[in-house]
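Inside the fold
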Amino acid sequence: MRPDWDEYFLSLVKMVATRSTCRRRQVGALLVKDKRIIASGYNGAPSGMAHCLDIGCLRDQLAIPSGERQELCRGLHAEMNVVIQAAIYGISTKGSTLYCTNYPCILCAKILIQAGIKRIVYIADYPDQEAKTLLEKAGIKVEQAFKERN
């Protein structure tokens, strides 16, 4: 069966996530406007920096639970990277849809609001109630992905 647009972009975002260099969670993100991909991103260390896969994870060393103290991560989140990639190439993100493997954290939620994202479609949840509250107050449509077809 031919996938609908959401299924199509969600299958691609899983592939983008495979480029992640994070030891804890592989996350991928796509920005889409008018059914066209305008940028992609995955989580990992800043360009030119050592990968966490190679040097270890500070959050693991400090036993920080998922969803807490994101500022201690040396890597960029996929959602941050996708907005940065669009900016580098001068592509407007206003009115676009974010497809992501995971629900955004509070830091990414603020960036997505400022970037003019109007819709978020994600696969897996993430334990950050403040992000959910903020995105709801901003009026961004957020949807968890449909279950995959067998």
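Residues numbered from 1 in each chain as written. Predicted model: local features only at pLDDT ≥ 70, side-chain atom pairs only at ≥ 80, totals over all residues. Heavy atoms only, no water.

Under the criterion given, the structure shown has 0 disulfides. Not engaged in a disulfide, the cysteine Cys52 finds its nearest cysteine sulfur in Cys73; these two sulfurs lie 5.9 Å apart. Using a relative accessible area of 8% as the deciding quantity, one classes Cys52 as buried. Free of any disulfide, Cys57 has its nearest cysteine sulfur in Cys52, 6.0 Å distant. Residue class for Cys57 comes out buried when judged on its relative accessible area of 11%. (Disulfide = S-S within 2.5 Å. Buried < 20%, exposed > 50% of the residue type's maximum accessible area, 1.4 Å probe, protein only.)

Our focus in this paragraph is the packing of helix H5 (residues 106-114) against helix H6 (residues 129-138). Contact pair H5 / H6: the axes reach a minimum separation of 8 Å and the direction vectors enclose 15°. Classified by the angle between their axes, H5 and H6 sit roughly parallel to one another. As H5 packs across H6, the resulting crossing turns out to be right-handed. Listed contacts from H6 to Ile106, Ala109, Lys110 and Ile113 of H5 are Glu130, Ala131, Leu134, Leu135 and Ala138. Of the residues assigned to the contact of H5 with H6, the class counts are 7 nonpolar, no polar and 2 charged. (Axes fitted to C-alpha atoms, helices over the stretch in contact; angles between N-to-C directions. Helix = DSSP H or I, 4+ residues; strand = E, 2+ residues; numbered from the N terminus. Parallel < 35°, antiparallel > 145°, perpendicular 65-115°, else oblique. Left-handed = near helix turned anticlockwise from the far one by under 90°. Contact = heavy atoms within 4.5 Å. Nonpolar A, V, L, I, M, F, W, Y, C, P; charged D, E, K, R; others polar.)

We now examine the sheet that holds strand E1 (residues 28-33). In space, the 5 strands of this open sheet follow the order E2-E1-E3-E4-E5, with mixed pairing throughout. The open sheet has two edge strands with one neighbour each: strand E2 (36-42) and strand E5 (141-144). On average, each strand axis in the sheet is tilted by 20° relative to the strand beside it, whichever way the strands run. The pairing of E1 with E2 spans 6 bridges and is classified as antiparallel. Each bridged residue has a counterpart across the sheet, and for Ala29 the counterpart in E2 is Gly41. (Pairing = 2+ DSSP bridges.)

All right, on to the side chain of His77 then. With respect to the helices and strands, the residue His77 is situated in the loop between helix H3 (58-61) and helix H4 (78-88). Given a relative accessible area of 17%, His77 falls into the buried group. Residues in contact with His77, not counting those within four places in the same chain, are Tyr42, Asn43, Gln70, Cys105 and Cys108.

According to the stated counting rule, one finds 6 salt bridges in the structure shown. One salt bridge in this structure joins Glu143 and Arg119, with 2.7 Å as the shortest N-O distance. Residue Glu143 is found in strand E5, and its partner Arg119 is found in strand E4 (residues 119-124); the two are separated by 24 residues along the sequence. Of the charged contacts, one joins Glu143 and Lys141 as a salt bridge, the two residues approaching to 3.6 Å between their closest N and O atoms. (Salt bridge = Lys/Arg side-chain N within 4 Å of Asp/Glu carboxyl O.)

This part is about unusual backbone geometry. Only a minority of non-glycine residues have a phi that is not negative, and only a minority of peptide bonds are not trans. For Lys35, which is not glycine, the phi torsion reads 65° and is therefore positive. Mapped onto the elements, Lys35 comes out in the loop between E1 and E2. The class of Lys35 is partly exposed, set by a relative accessible area of 45%. The backbone of Ala63 shows a phi angle near 55°, a positive value even though the residue is not glycine.

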